[in-house]
Amino acid sequence: MEKIIIKGGHRLFGRIAVEGAKNAVLPLQAAGIFASTGTLHLTNVPVLSDVLMMNELLKFLNIRVQFNQENHVIDLNASQKISSEAPFQYVSKMRASMVVMGPLLARTGYAKIAIPGGCAIGSRPIDLHLKGLRQLGAVIEQHDGYIEARADRLVGTNIYLDFPSVGATQNIMMAATVAEGITTIENCAREPEIVDLANALNKMGARVHGAGTDVIRIQGVNFLHGCDYRVMSDRIEAGTFMIAAAATNGDVVIENAESKYNEPLIAKLQDMGVTVIDQDDGIRVLGTSVLLPSAVQTAPYPGFPTDLQPQMTVLQLLANGTSMMNETVFEKRFMHLEELRRMNAEYQIKNSTAVLSGPTKFSGAEVAATDLRAGAALVIAGLVAQGITQVRNLKYLDRGYYHLHQKLARLGAQIDRVNIDDQIELASTEAVNHPERG
Ligand SMILES: CC(=O)N[C@H]1[C@@H](OP(=O)(O)OP(=O)(O)OC[C@H]2O[C@@H](n3ccc(=O)[nH]c3=O)[C@H](O)[C@@H]2O)O[C@H](CO)[C@@H](O)[C@@H]1O
Ligand SMILES: C=C(OP(=O)(O)O)C(=O)O
């Protein structure tokens, strides 16, 4: 087992590039199920454990998968007969496996998927996915831990989502690409990753309109084919580096980051006294010695992303006063705060709001990630903490961050990743150059 060890107190300086987006590439891989002729050639693919897991699932479904990790390219070919069952071993490890359901049902008329459980951030039901697929004509049954969906034909209709679920929008949108007639999805998710998927589907021959707005309209076609597609850059990875730069009072250019995808974060950073400059080659973040407190509420896009909430709470804890974080998307996404308490954080949780008392003098401790972004938050806290922080449960970080510790080390962090059993001494534990904060 491995852990990340950080000797805190070093400001981040320099340039760092972000990868292709995890949350864009996973549904794009699932769209490979439609590549019945030609090859879906995806570029700018991040090398993440989730991507590898989705590849394994696709191989299990009898899709030919070639992943050139060095070049960040995946080729998917589904020209042969494919299987329709996604077993528990895949779905339990990665909830995003659910997005194979729409394409499988549409392509083969049948999909059998293990029911995904909840995870550390909440219960994560899939009722909206199923409701939409039923409205398209699928007959869905649930038994023995599986969902079985059957449809001789899918027929376009009007679907209203009670909540703009990202995964439900993706599943329904993909199924509708080859349904008869026109499907509209109202109150759908507007995330940039939805637009990325729609753009790729359209290149594959689909006719999807309105992605990025709250109504998507899909005119069904007979079949889809392969195409070349470049995965969009990861706005959550970019946001994580932006917050890390601000937390360490650094000066970092995040290459490939697009400000239009991170507007709510940029606005909050600026409110807190951080300078954010939109450049041709990315986003430059310059920290401040005195961070101002802030009130943040997560919401579906274009609101503040829940996937940056844990990282943002670290910055809020550093601010000079009391900050608020209201989490409206997932009901249990404050588990990182329990770990941060062990690093000196003081806070109270009232219903879905965390009241965060700053300024915190984080002190290094041994902590464990409870999920992907909780892990990122702990690493950021470690970067500013007095002394040594050790972060365990790196399997979560590997789901969504490629070379995280190497990238941070390149920016000047004193950080290493070691095997827990190795007797590695990290530099010295003597007093560190802790950045001044008001
Ligand atoms: C692989 C991927 O892209 N993951 C992202 C995706 O997850 P995911 O697609 O699972 O997120 P959803 O937008 O579906 O879920 C948001 C909320 O809706 C609820 N819900 C969802 C579906 C449903 O059928 N019923 C229901 O009640 C969920 O429990 C949750 O509280 O969007 C989330 C919200 O931006 C992000 O945090 C995840 O990183
Ligand atoms: C919650 C996340 O992902 P997933 O939906 O894949 O669990 C995330 O990326 O923060």
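Residues numbered from 1 in each chain as written. Chains lettered and ligands numbered in written order. Predicted model: local features only at pLDDT ≥ 70, side-chain atom pairs only at ≥ 80, totals over all residues.

- The protein chain is annotated in an unreviewed UniProt entry as UDP-N-acetylglucosamine 1-carboxyvinyltransferase of Limosilactobacillus urinaemulieris.
- Looking at the protein chain in UniProt, the text filed under Sequence similarities (unreviewed entry) is "Belongs to the EPSP synthase family. MurA subfamily." (UniProt positions renumbered as here; feature names shortened; annotations may be inferred.)

**Here we look at the UniProt feature "binding site: UDP-N-acetyl-alpha-D-glucosamine" (unreviewed entry) in the protein chain**
Next, step 1: Sequence positions flagged by UniProt for "binding site: UDP-N-acetyl-alpha-D-glucosamine" (unreviewed entry) are, in local numbering, Arg95, Arg124, Pro125, Ile126, Asp127, Leu128, Asp307 and Val329.
Next, step 2: Checked against the element boundaries, Asp127 lands in helix H5 (residues 127-135).
Next, step 3: For Asp307, the position within the fold is in the loop between strand S18 (295-297) and helix H10 (309-318).
Next, step 4: Here Asp307 falls in the buried class, since 23 other C-beta atoms lie within 10 Å of it.
Next, step 5: Residues contacting Asp307, with those up to four places away along its chain left out, are Ile236 and Arg373. (Helix = DSSP H or I, 4+ residues; strand = E, 2+ residues; numbered from the N terminus. Buried ≥ 20, exposed ≤ 12 C-beta atoms within 10 Å, placed from the backbone. Contact = placed C-beta atoms within 7 Å.)

**Quick notes on the sheet that holds strand S19 (residues 322-326)**
Next, step 1: With mixed pairing, the four strands of this open sheet are ordered in space as S18-S19-S21-S20. The outermost strands of the open sheet, each flanked by one partner alone, are S18 and strand S20 (346-350). Here the strands of the sheet are splayed against their neighbours by 15 degrees on average, with no regard to which way each runs.
Next, step 2: Taken together, the five bridges between S19 and strand S21 (residues 353-357) define a ladder with antiparallel strand orientation. Residue pairing in the sheet places Asn326 in a bridge with Thr353 of S21.
Next, step 3: Most of the contacts of H10 go to S19, to which it runs at about 170 degrees, and overall it touches S18, S19 and S21. (Pairing = 2+ DSSP bridges. Axes fitted to C-alpha atoms, helices over the stretch in contact; angles between N-to-C directions.)

**Notes on helix H9 (residues 263-271)**
Next, step 1: When we look at burial in H9, the residues that qualify are Leu265, Ile266, Lys268 and Leu269. The buried residues of H9 all sit within an arc of 165 degrees when viewed along its axis, so they share a single face.
Next, step 2: Those residues of H9 that are buried lie in contact with helix H8 (235-247), strand S16 (275-279) and S18. (Arc of directions from axis to C-beta.)

**Digging into the nonpolar core**
Next, step 1: Ranked by size, the top nonpolar core spans 147 residues in total, and within it Ala31 and Met242 carry the most contacts.
Next, step 2: For this core, the element with the highest residue contribution is helix H12 (residues 372-384), accounting for ten residues.
Next, step 3: Per-domain counts for this core show at least three residues from each of domain 1 (2-19 + 233-419) and domain 2 (22-230).
Next, step 4: Ignoring anything within four residues of it in the chain, the contact list for Met242 reads Ile254, Leu265, Leu269, Ile283 and Val285. (Core = buried A, V, L, I, M, F, W, Y, C linked by C-beta atoms within 7 Å. Domains from an automatic or database assignment.)

**Re the site of ligand 2**
Next, step 1: The environment of ligand 2 is formed by Asn23, Arg95, Ala96, Ile121, Asp307, Leu372, Arg373 and Gly400.
Next, step 2: Split into classes, the residues belonging to the shell around ligand 2 amount to three nonpolar, two polar and three charged. (Near = placed C-beta within 6 Å. Nonpolar A, V, L, I, M, F, W, Y, C, P; charged D, E, K, R; others polar.)

**What to know about the site of ligand 1**
Next, step 1: In the neighbourhood of ligand 1, 21 residues make up the surrounding shell, with Asn23, Leu128, Ser165, Val166 and Gly167 lying closest.
Next, step 2: Counting residues per element, the ones that place at least two in the shell around ligand 1 are helix H1 (22-31), H5 and helix H6 (166-176).
Next, step 3: Partitioned by chemical class, the residues of the shell around ligand 1 number eleven nonpolar, six polar and four charged.

**Describing the domain arrangement of the protein chain**
One widely used convention gives an interface's size as the accessible area the parts lose upon coming together.
Next, step 1: Each assigned domain of the protein chain is listed here: domain 1 (2-19 + 233-419) and domain 2 (22-230).
Next, step 2: Just the C-alpha atoms count here: the centres of domain 1 and domain 2 sit 30 Å apart.
Next, step 3: No other element matches helix H13 (residues 394-400), which puts three residues into the side of domain 1 that touches domain 2.
Next, step 4: Residue classes in the side of domain 1 that touches domain 2 are distributed as seven nonpolar, two polar and nine charged.

**Quick look at the packing of H1 against helix H2 (residues 49-60)**
Next, step 1: Closest axis-to-axis distance for the H1/H2 pair is 10 Å, and the angle between their directions is 5 degrees. The angle between H1 and H2 falls in the class roughly parallel. Within the contact between the two elements, H1 uses Lys22, Val25, Leu26 and Gln29 and H2 uses Asp50, Val51, Met54, Asn55 and Leu58.
Next, step 2: In terms of residue class, the contact of H1 with H2 is made up of five nonpolar, two polar and two charged. (Parallel < 35°, antiparallel > 145°, perpendicular 65-115°, else oblique.)

**Observations regarding the packing of H6 against helix H7 (residues 192-203)**
Next, step 1: Packing of H6 against H7 brings their axes to within 10 Å, and their N-to-C directions diverge by 10 degrees. In this view, H6 runs roughly parallel relative to H7, as classed from their interaxial angle. The interaxial crossing formed by H6 with H7 has right-handed handedness. Between H6, through Val166, Thr169, Gln170, Met173 and Met174, and H7, the contact on the second element is made entirely by Glu193, Ile194, Leu197, Ala198 and Leu201.
Next, step 2: When grouped by side-chain class, the residues that make up the contact of H6 with H7 number seven nonpolar, two polar and one charged. (Left-handed = near helix turned anticlockwise from the far one by under 90°.)

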